[in-house]
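Chain by chain, the residues run as shown.
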Amino acid sequence: MTAYPKTHALMARGAAFLGTEHAVLCGAMSWVSERHLVAAISNAGGFGVIACGAMTPELLDTEIAATKALTGKPFGVNLITMHPGLFDLIEVCSRHRVGHVVLAGGIPPKGSVEAIKAFGAKVIVFAPTLALAKKLFRQGADALVIEGSEAGGHIGPVSTSVLAQEFLPELAADHVVFVAGGIGRGMGIAAYLEMGASGVQLGTRFACASESIAHPAFKAAFFRANARDAITSVQVDPRLPVIPVRALRNKGSEEFTAKQIEVAKLLDEGAVDMGAAQLQIEHFWAGALRRAVIDGDVERGSVMAGQSVGMVSKEEPVQAIMDELMTECEAALTRA
Ligand SMILES: Cc1cc2nc3c(=O)[nH]c(=O)nc-3n(C[C@H](O)[C@H](O)[C@H](O)COP(=O)(O)O)c2cc1C
């Protein structure tokens with residue numbers, strides 16, 4: 001007998017797909033989603049995902065083994081599609097019999113979906129448009145995460161509520177679709193489940209759990225922040241593309257704007273060529289997430305956070321956060 005009958009009824013397909021009690025993923029967060037947080041999420045009935053990020057195959061191998069030592073429950077691995085060693089990382093997942101691989105950061109390169117399915121794992125993908133989502137399902141993807149612009153980290157331009165209304169009526173009957181971005185409370189989970197989602201993915205809400213290794217200063221910045229502090233990186237000049245990232249406003253974000261103005265001026269004067277100018281912009285944030293998460297430099301690092309950061313006010317164990325989300329979701333569905 002479940003304590004959350006209505007929620008679990010709507011989550012049944014997602015939970016069966018993940019092999020979990022609750023169809024709640026903690027989205028991979030680079031530097032944050034390592035063995036401790038991932039295992040804690042899975043042990044609390046959710047689905048933890050290791051953020052491979054720029055890890056080498058050797059480091060990923062160690063991280064998967066260490067996570068397995070902390071949980072016997074299912075967890076996944078998030079691989080960035082443009083990682084130069086993508087196929088070596090897939091091989092590491094294969095050796096560990098990882099059950100679910102999430103491909104993030106772009107369209108999966110040729111052969112990657114097949115290579116993952118070849119060792120029996122499920123492939124979870126992201127898609128910014130409905131047409132691409134349908135194509136990825138045709139090409140063998142097993143599940144989709146739709147992530148709106150409220151989310152922390154790298155984002156697209158469209159909000160979660162619009163993506164959900166656009167994608168779910170077309171896909172949810174035949175496919176497993178998880179909704180991410182801006183979910184801070186169980187009532188939000190309830191709404192997307194009622195719209196047809198098989199489950200949800202949260203990042204911001206779990207980033208500062210007691211089990212998270214994030215620096216105390218990173219956590220304190222989250223607890224202080226309101227929704228409006230989690231801003232998107234600003235692009236100043238059309239010649240100098242900026243990948244949109246949602247993070248807490250700080251000295252670094254101000255300096256980034258100033259840097260773009262400075263580089264645009266150098267371009268106008270012919271003092272640098274386009275390639276060098278774009279490289280200066282690209283390199284500005286190199287290593288910045290690590291500086292914030294691990295070193296605690298919340299002024300010059302990148303404190304990636306979603307708009308739900310205003311609903312994160314204290315450090316709590318993952319289990320307490322999960323219980324609260326599930327209780328709130330069940331209450332919302334019961335009221336409905
Ligand atoms: C600090 C931080 C780091 C993140 N790093 C990654 C990453 O490395 N790869 C990825 O696919 N998503 C990353 N994300 C996105 C999360 O996996 C998740 O989809 C997102 O946080 C969900 O939206 P929410 O923040 O509104 O809950 C990151 C998010 C945060 C807050």
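This one's a predicted model, so the numbers in the text were calculated from it and none came from an experiment. (Residues numbered from 1 in each chain as written. Predicted model: local features only at pLDDT ≥ 70, side-chain atom pairs only at ≥ 80, totals over all residues.)

(A) Fine view of the sheet that holds strand β9 (residues 199-202). Taken in spatial order, the eight strands close into a barrel running β1-β2-β3-β4-β5-β6-β8-β9, and their pairing is parallel. Each strand of the sheet is rotated relative to its neighbour by a mean of 25°, with strand direction disregarded. When strand β3 (residues 75-80) meets strand β4 (residues 100-104), the two strands line up parallel, connected through five bridges. Its bridge partner lying in β4, valine 77 is registered against valine 101. (Pairing = 2+ DSSP bridges. Helix = DSSP H or I, 4+ residues; strand = E, 2+ residues; numbered from the N terminus. Axes fitted to C-alpha atoms, helices over the stretch in contact; angles between N-to-C directions.)

(B) Representation of the site of the ligand within the structure. The full set close to the ligand counts 28 residues, and Gly27, Gly152, Gly153, Gly203 and Gly306 are the nearest of them. Of all the elements in the fold, those that place two or more residues in the shell around the ligand are β9 and α9 (204-207). For the shell around the ligand, the element with the highest residue contribution is α9, accounting for three residues. Partitioned by chemical class, the residues of the shell around the ligand number twelve nonpolar, 13 polar and three charged. Of the residues that make up the shell around the ligand, three or more belong to each of domain 1 (5-213 + 309-335) and domain 2 (225-307). (Near = placed C-beta within 6 Å. Nonpolar A, V, L, I, M, F, W, Y, C, P; charged D, E, K, R; others polar. Domains from an automatic or database assignment.)

(C) Representation of the confidence of the model for the protein. Mean pLDDT over the protein: 97, with 100% of residues reaching 70 or higher. Across the protein, the element-wise mean pLDDT spans from 94 in helix α12 (residues 274-283) up to 99 in strand β1 (residues 24-26). (pLDDT = per-residue confidence, 0-100.)

(D) View of the nonpolar core. In terms of nonpolar packing, the biggest core is built from 104 residues, with Val49, Val101, Leu144 and Val200 touching the most fellow members. The dominant element in this core, judged by the number of residues it contributes, is helix α14 (residues 318-335), at eight residues. In this view, leucine 144 contacts Val125, Ala127, Ala133, Leu171, His175 and Val177; residues no more than four positions away in its chain are not counted. (Core = buried A, V, L, I, M, F, W, Y, C linked by C-beta atoms within 7 Å. Buried ≥ 20, exposed ≤ 12 C-beta atoms within 10 Å, placed from the backbone. Contact = placed C-beta atoms within 7 Å.)

(E) Representation of helix α1 (residues 5-18) within the structure. With 14 residues, α1 should cover 20 Å at 1.5 Å per step; its first-to-last C-alpha distance of 18 Å lies within 8% of that length. Within α1, the axis deviates most sharply at methionine 11, by approximately 65°. Buried residues of α1: Thr7, Leu10, Met11, Gly14, Ala15, Phe17 and Leu18, and no others. Trailing α1 by a residue or two, glycine 19 shows a phi angle of about 80°, which is positive. (Expected span 1.5 Å × (residues − 1). Bend = angle between axes of the 7 residues up to and from the residue.)

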